[in-house]
Structures are given as C-alpha cells and as structure tokens.
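Per-entry structural report
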Amino acid sequence: MHERWRAEQGAIWAVARTDGGPAIGLAGWNEVDLQGGSAEILYWLLPPARGGGVAVAATERISRWALDDLGLHRLGLRHSVANPASCRVAEKAGYRLEGTLRSSQLHADGWHDMHLHALVQGDR
C-alpha cells in the first residue's frame, strides 16, 4: 500500500461511520494513471456494516475527490456479477454500467464475470 501511494498508483483509506466508531471497511483508488486521467475505485465493508449506505457515501466521497481535486477524467469500478449489492452501490454512487467482462477475475470459487461501471467528468 505504501509503495503504491509513493508511486502515485493507488491509495486506500479506512472507512468508519461518522460517529467515530472503529474501522468497518476500506475504500480507495487502484490503477491510478495521473497522466491518462483515470483510476479504478474500490471498496469493501465488513458484513455487519453492509446495507446502510456507508459504501455509497465512501464511494461518492473519494470519487468527488478524484474528479474535482485530483483532476482525473474517468473512474472505473468493477465487481463480480454474483454481487448485486455491489452493483447497487455503483449505481447509487452515479457509476453507469458499461458492460460485462466475461470470466475476467479469479476468485476463491473460480472465474467470475465482472460488471464494468464508470463515472466520467460531466456525468454529475
């Protein structure tokens, strides 16, 4: 993580509720390309923290920062098609579904098709 930050290729932050409780997940940028103006957004929450809008809020916040402050043009977001909750997070955060990447990521239970969503400057 530290190496990716120093190389300006990625950043990960802990996610916590606004009441100051313990970390309940993470959110960040991967595959950052400052010159090309793009990054991939990622998020993950512990099971008890899911379903309350925390992932949406975290995704919206780091997306605004990436587009408005960092000046990126395009943010991608990928998730397994077997994870409809993650699809809802992407859609609620303003990411448009662009398509399905067939058999593109190996998980513990085998190869998964992945949905590709994106948010670009001007979408909001």
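Residues numbered from 1 in each chain as written. Predicted model: local features only at pLDDT ≥ 70, side-chain atom pairs only at ≥ 80, totals over all residues. Heavy atoms only, no water.

1. A word on the overall build of the protein chain
The helix and strand inventory of the protein chain stands at 3 helices and 6 strands. Along the first, second and third principal axes, the C-alpha set of the protein chain runs to 40 × 35 × 30 Å. Classification of the 124 residues of the protein chain by burial places 35% in the buried group. Across the protein chain, contacts joining residues at least 24 apart in sequence account for 47% of those joining residues at least 6 apart. For the protein chain, the accessible area works out to roughly 7,700 Å², and carbon and sulfur atoms hold 51% of it. Placing the 13 positive and 14 negative side-chain charges of the protein chain at their respective mean positions leaves the two points 5 Å apart. (Helix = DSSP H or I, 4+ residues; strand = E, 2+ residues; numbered from the N terminus. Buried < 20%, exposed > 50% of the residue type's maximum accessible area, 1.4 Å probe, protein only. Contact = heavy atoms within 4.5 Å. Areas by Shrake-Rupley, 256 points an atom, 1.4 Å probe, with all protein chains shown as cover. Lys, Arg positive; Asp, Glu negative; His and termini not counted. Charge placed at Lys NZ, Arg CZ, Asp CG, Glu CD.)

2. Points about unusual backbone geometry
One non-glycine residue, E31, adopts positive backbone phi at about 50 degrees. With respect to the secondary-structure elements, E31 resides in strand 2 (residues 23-33). Positive phi outside glycine occurs at S103, with the angle close to 45 degrees. Along the polypeptide, S103 turns up in strand 5 (residues 96-107). Judged by its relative accessible area of 42%, S103 falls in the partly exposed class.

3. Regarding the sheet that holds strand 4 (residues 74-80)
The strand order across the open sheet built from 6 strands is 1-2-3-4-6-5, with neighbouring strands paired in mixed fashion. Two strands lie at the open edges of the sheet, namely strand 1 (11-16) and strand 5, each paired on one side alone. Direction aside, the axes of adjacent strands within the sheet are offset by 25 degrees on average. Direction of pairing for strand 3 (residues 38-45) relative to strand 4: parallel, over a ladder of 3 bridges. Paired with A39 across the bridge in strand 4 is L75. Along the sheet, helix 2 (residues 54-69) contacts strand 1, strand 2, strand 3, strand 4 and strand 6 (110-120); its crossing angle with strand 3, the most-contacted strand, is approximately 160 degrees. (Pairing = 2+ DSSP bridges. Axes fitted to C-alpha atoms, helices over the stretch in contact; angles between N-to-C directions.)

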